[in-house]
Amino acid sequence: MGAPMSDDARLDFCRRLAADAGRLAHGAFGRAAMLPAKGRHDEVTAMDREVERTVREAISRAFPADAILGEEDGASADVGCAEFVWIIDPIDGTANYARGIAHYCVSIGVVRDAEPVVGALHDPSHDRLYWAARGAGAWLAERGTTRRLAVSPIDALTAATVECGWSLRRPQADYVALVDRMLTAGCAIRRAGSGALGLADVAAGRTEGYAELHINSWDCAAGLLLVTEAGGRINDFFAGGGLLAGNPILATNAALADPLAALACVPLRHDA
Ligand code: IPD
């Protein structure tokens, strides 16, 4: 099955760009130069900036009419009026990357009229390349094979694993309450430090949900599409200015969508 015609060129380009950018980042893994932190527990390395610069330049050359939003360099001037917006996280899981923990990725998503249409993630530590295109499925290439992704069939909270992402952008008490509700309902909890890979885990059926009180669009633009194309459910993340300001996020498998939405206090879309 192929991607819809209008997005073919962007899908192919996005996939290759994410793979190249992941290899670039991985070249400095374990010896990344730290830059002054953006805030408490908000690190940045020289490689975050180098990867974003490289990716932005490549997109601008290939698709000059498209807008770009990146974690490090922000939004291009045309972000409010361009038909397509490319959303880049040069290294998602920077805290892991900076500490030599091999759980990070490059995430590149494309939205059209606030709907994700194409996305790719490269996890260079495991040489896993994920991608999705709207209506064409979610896919994973690793160890020389490519397979279509599907969310987990688990339908009992007591058998579910939910990743609860954390940042200082929301009050600690709210995070503790979220985790408490999940644990009390019988879920197992994890927090691995890359929202993008957390969403890829939901898409690949390794976990049943990913919840976070606030996340930025560059952390999740590609991953949200992976989840819906793998048969999962997501909230309306891009509503109400989510592209530029971020929003809460919930992504689930299909079977536990309703109970996880109730536990996370985040309504899910019915059409995606
Ligand atoms: C962070 C990670 C983390 C999530 C945070 C993000 P960064 O992104 O995705 O898992 O919980 O909300 O800010 O800083 O590593 O790109």
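What you see is a predicted model; the values in this text were computed from it and never measured.

(A) Looking closely at the pattern of salt bridges. Under the definition given, this model contains 18 salt bridges. Residues Glu-71 and Lys-38 are paired through a salt bridge, measuring 3.2 Å at the closest nitrogen-oxygen approach. Remark: Lys-38 occurs in the loop between α1 (8-26) and α2 (46-62) and Glu-71 occurs in the loop between β1 (67-70) and β2 (74-75); sequence separation between them is 33 residues. Across the pair Glu-72 and Arg-49 runs a salt bridge whose closest N-O atoms are separated by 3.5 Å. Highlighted residues: Glu-72 in the loop between β1 and β2 and Arg-49 in helix α2, separated in sequence by 23 residues. For Glu-72, a relative accessible area of 11% translates into the label buried. Of the residues examined, Arg-49 reaches a relative accessible area of 30% and is grouped as partly exposed.

(B) Molecular detail of the sheet that holds strand β11 (residues 209-215). Across the sheet, 5 strands lie side by side as β10-β9-β11-β13-β12; this open sheet has mixed pairing. Of all the strands in the sheet, the pair left with one neighbour each is β10 (188-190) and β12 (233-234). Pairing between β12 and strand β13 (residues 247-252): 2 bridges, direction antiparallel. Looking at β13, one finds that Arg-233 is bridged to Thr-252. This element, helix α8 (residues 257-264), spans β9 (161-164), β11, β12 and β13 of the sheet and lies at about 155 degrees to β13.

(C) Focus on the domain arrangement of the chain. Here the chain is partitioned into domain 1 (5-148) and domain 2 (157-264). The C-alpha centroid of domain 2 is placed 19 Å from the C-alpha centroid of domain 1. Listed by partner, the interface residues are 41 residues for domain 1 and 22 residues for domain 2. Viewed at the interface, domain 2 and domain 1 are joined by 0 salt bridges. Seen at the junction of domain 1 and domain 2, the total is 8 residue pairs in polar contact (both at pLDDT 80 or more). Secondary structure elements with two or more residues in the side of domain 1 that touches domain 2: β1, β3 (84-92), β4 (105-112), β5 (115-123), β6 (128-133), β7 (138-142) and β8 (145-148). In terms of residue count, β5 provides more of the side of domain 1 that touches domain 2 than any other element does, 7 residues in total. Counted by class, the side of domain 1 that touches domain 2 contains 22 nonpolar, 10 polar and 9 charged residues.

What counts and what doesn't
Residues numbered from 1 in each chain as written. Predicted model: local features only at pLDDT ≥ 70, side-chain atom pairs only at ≥ 80, totals over all residues. Heavy atoms only, no water. Salt bridge = Lys/Arg side-chain N within 4 Å of Asp/Glu carboxyl O. Helix = DSSP H or I, 4+ residues; strand = E, 2+ residues; numbered from the N terminus. Buried < 20%, exposed > 50% of the residue type's maximum accessible area, 1.4 Å probe, protein only. Pairing = 2+ DSSP bridges. Contact = heavy atoms within 4.5 Å. Axes fitted to C-alpha atoms, helices over the stretch in contact; angles between N-to-C directions. Domains from an automatic or database assignment. Polar contact = N/O pair within 3.5 Å; in protein donor to acceptor, adjacent residues only side chain to side chain. Nonpolar A, V, L, I, M, F, W, Y, C, P; charged D, E, K, R; others polar.

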